[in-house]
Every structure is written in structure tokens, then in C-alpha cells.
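# Examining the three-dimensional arrangement
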Amino acid sequence: MAGFHRCSCISARTKNWARKTSPSCASCSMRSRRRSTDMDATVLRSLLLTTIGMVFVLLARRPLRRAFGADPAFLLWLLPPLLAGLPWLPAAPIPWITLPALQVLPDQATGLAAPFQPRSIAPWLYPAWLAGTAVCLLRLLVQVIRLHRQSRRLPESMLTALRQDMNTLDASRLRLHPAGPALLPSTRRTLLLLPADFMQRFSAAERQLILRHELAHLRRGDVLWNLLAEIASAMLWFHPLAWLALPRFRLDQELACDARVLRLAPQDESGYANVLMHSVGNSSVPALIPWLAEPQLKERLIMIQRHRPGALRRCIGYFGLAALMAGSTLVAQAQSTPASDQSASSDIAHNVNMQPRYPAASIKNHEQGTVVLKVLVHADGTVGSITYDPQYSSTVSGDLIAAATNAARQWRFNPQMKDGKPIEGYARVPVKFMLDPLTDGPGKGKAEKQNSKS
């Protein structure tokens, strides 16, 4: 019966503590705003890193192409999305900081103060961004659907003639469209668009070069990369660098494809250049990879005439690019890792008016001891999650835990600092409830913990 009575007391006190420490509407609202502020900071950091990545790529793409070839230069475009995703990765574990104990006596009272409310980005910015992104994606989808509806199957005579030029062609991919030669993404497989006068406009040798170029795009997966670039541009519709980067991304993609074709058949350089010069450039269409876009002719001819780097220099370029991306990842991620030699501290000027109130029930039951709270301190000094730490506490009194937790929700802290910037960190806050400070001795805490359990 005594054991059953003890368990009942502990259960009742635990329920009482859970009821008293349940967050109020104000604290829920504060945590919601805190999450919104954290999201804003992550979005801004991601946007900043994306901008840095795009600036670097736009400045480095040409020197890298001359030094190591068009293939490594094109892979440099992986850097902006890689940097953009770093702020969303889990951060390194945050160290614990134990603050000095706070003593609470029976005659202490606590005042109430309005909690600090973090400010977030203007609420209309996210809906405006979503609206712009939706418009750009809808435009892309409409364009793809329109190109599909305008395409037609090849006549059997044309299909037979093409198979004589290149017997590896997949007939299910071929379609007639005035925008061809070009590649068009599809739900099942990428389509190869050809103009109706393709057989008359180009000779057999020229047709082979064009088809080899388009098949090289397919093998490289350029249609998927191009579609992802269009989606990224839609998400960054407000960013001027995104509109500047997209046509250069497409140019680097074409140069890398040209380099691959000519690497396999270097004897066709002059014929390849002649086909480009006699081709009619198409205007840029979203999601479509044309054989020749209007502004690309000069750069592609220069690349063909210039001596292209050999296999060794290309390998050095690939390894250097991998090292650059790995180093950028480590540096950017290190900026979000808290430093272990910094510490948070209590905002005494604010917290002095926010002392816990000694519960009347605990005074009546002669309950005292130390309640240790685990407190998440945000970068702006506000309090995040609060949990009771039974390992370091000397009492299990639900009333004392509730009193300490309710006061802690109103506290402010001086956050941890790294490189002069505030960061998030955890703190252990001991709150010592003492009925008589003169009787507090080494064995008093353990005795009171047993008292609370009984």
C-alpha cells in the first residue's frame, strides 16, 4: 500500500506539473514567430550563398573553359545549387552551457513582463514569391504542352531515309516541328524534333553531324539539366543574376556537347563548323534545346577553332572542381557551426523581475531542492524549448518544476557569439528552491529529493 501511495503521489504531481507547464497561447505565438524568424534567416542565407555561387560561376566559367575544357566549365554550374542547399542541412551539435544557480526563497514574488517578440520578414513577400514562381512554372508548362501539340510523327519515307543516315535512331523519339532540330522533354522519353525540310536543307554528312550532336545531348542527360535550370530560374524570378545566368548556362551546355562530339571525331571539325554557319539560329524557347540558338554561333565557332585541352588537363579540371565544391561546402557549413569556447549568459537586467514564485503548496509540503532546466537560447536571446533535466535535478516536485518553467518562459539571455555574430545554443539553468538558506548543506538536496518522492 505504501508503494502504491508513493506512485500515486508522483503520478499526481507529474500530471500537475504537465498541466501547469503547458504553453499558453502567448508562448505558442512566440514560438511560432520564432520558427518563422528561423525560416527567414535560413532563406536569406540560402539566397546569399546562391548569389555568391552565381557570381563566381559567371566570372570563372571562361578562364576555366580555356584552361581545362568545356566539360569541367559546364559542371561548375553545380556550385550555386550546392551552396543554396547548405543552410537547410542539419547543423552540428550545439554545446551545453551551465549557468549559475538561481536561488528562490518563499518570500520572493515574480512580476510579469511581455515577452520579447522576434521580427520576421514582411508577410507579403512569401505570397508574392510563390505567385511569381507559379506564373513562371505555368508559362514553362504551357510552352511544353504547346510544343507537344504542334509536333507530328515523321512520314515513313523520311524515317527510312534517316535510318540510312544513322541506323541507331529510335523512331519513337522522332517528331516533326518547325523549331527543330531540337530536343523536347516528355513524360516518357525525350523527343527529337526535326523540321519538315530537314532532308532537303542538309546533306547526308551534315545530317549525321547534327544527329550525333543531339544524341550526345541525350547521353549526357542535358534535357534534365536544362529543365532543372528552368525550374531554378522560375524560383529565382526576382533575381537579376538568374536571368543573366540562364542563357550562359545553355551556352556552356552546348559547348560541352560540341566538345564531346569533336573529341570522338576530331576529323569533322571543319564540317561541323560549316554546318553551324549554314544553319538558321532559333530563338530561345523554355525547356527546348535547339541545335543552334541565335546568340551562340560565335562562341561555338571560336571553341571549335581553338585548341582544346587534352585528357590530362580535363582530369585536372575535374579534380580541381571537386576540391572547390568540397571546400566551399566545408567553409559554408563551418559558418553555421557554433563555437564551443563561447557561452551564453543570463540577461540579469531583464530576468531580475522575472524570478520564479515559490508555490504555496510546496511551502506547505516542505518541498525544496534544485530544478535544472534545459533551455534553448535563440540567436536573438529569446527562449525556445524548455525541458526538465532529472539527471541533474534534486527534486521531482511538479509544483517546483512548473514554477521554474513558467518563469523561464519569460526570461531573456545573451546568446552565444561566433565571429561577432549571435548563434543558437543550449543552456542548463539550475533554479534552487530553498525554504531556509541557512540549512542548505551537502546532504540536504538528496534528502529533499526523497521527501518529494514520498
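## Details of helix α9 (residues 222-235)
Between its first and last C-alpha, α9 extends 20 Å over 14 residues, near the 20 Å set by a 1.5 Å rise per residue. Considered for burial, the residues of α9 that qualify are Asp-222, Val-223, Asn-226, Ala-229, Glu-230, Ser-233 and Ala-234. On an axial view of α9, the arc spanned by its buried residues comes to 140 degrees, and they lie on one face. Buried-residue contacts for α9 involve α3 (70-75), α5 (125-150), β4 (182-184), α8 (204-220), α10 (240-264) and β6 (289-290).

## Quick notes on the confidence of the model for the protein chain
Within the protein chain, residue pLDDT values average 78, and 75% of them lie at 70 or more. Within the protein chain, no element has a lower average pLDDT than helix α1 (residues 2-20), which sits at 42, and none a higher one than α9, at 94. pLDDT under 50 marks residues 1-28. Its contacts with residues more than four places away, or in other chains, come to 24 contacts. pLDDT under 50 marks residues 337-341. Its contacts with residues more than four places away, or in other chains, come to 13 contacts.

## Some remarks on the packing of α5 against α9
Closest axis-to-axis distance for the α5/α9 pair is 8 Å, and the angle between their directions is 150 degrees. The two elements α5 and α9 meet at a crossing, and its hand is right-handed. Across the interface between the two elements, Trp-129, Thr-133, Cys-136, Leu-137 and Leu-140 of α5 pack against Leu-227, Glu-230, Ile-231, Ala-234 and Met-235 of α9. Tallied by class, the residues present in the contact of α5 with α9 amount to eight nonpolar, one polar and one charged.

## So, the nonpolar core
Leu-162, Leu-194 and Phe-198 are the most contacted members of the largest nonpolar core, which has 60 residues in total. For this core, the element with the most residues is α10, which contributes twelve residues. Residues contacting Phe-198, with those up to four places away along its chain left out, are Met-158, Leu-162, Pro-181, Arg-207, Ile-210 and Leu-211. In terms of nonpolar packing, the next biggest core, distinct from the first, is built from 21 residues, Met-354, Leu-373, Leu-400 and Ala-403 among them.

## Details of the pairing of strand β5 (residues 191-194)
Side chains of β5 alternate between two faces, with Leu-191 and Leu-193 and Leu-192 and Leu-194 buried alike. Pairing geometry for strand β3 (residues 174-176) and β5, over three bridges, is parallel. Bridge pairing in β5 places Leu-174 opposite Leu-192. As paired strands, β4 and β5 are joined by three bridges and run antiparallel to one another. What sits directly across from Leu-183, in β5, is Leu-192. The loop that links β4 with its antiparallel partner β5 comprises six residues.

The rules behind each value
Residues numbered from 1 in each chain as written. Predicted model: local features only at pLDDT ≥ 70, side-chain atom pairs only at ≥ 80, totals over all residues. Heavy atoms only, no water. Helix = DSSP H or I, 4+ residues; strand = E, 2+ residues; numbered from the N terminus. Expected span 1.5 Å × (residues − 1). Buried < 20%, exposed > 50% of the residue type's maximum accessible area, 1.4 Å probe, protein only. Arc of directions from axis to C-beta. Contact = heavy atoms within 4.5 Å. pLDDT = per-residue confidence, 0-100. Axes fitted to C-alpha atoms, helices over the stretch in contact; angles between N-to-C directions. Left-handed = near helix turned anticlockwise from the far one by under 90°. Nonpolar A, V, L, I, M, F, W, Y, C, P; charged D, E, K, R; others polar. Core = buried A, V, L, I, M, F, W, Y, C linked by side-chain atoms within 4.5 Å. Pairing = 2+ DSSP bridges.

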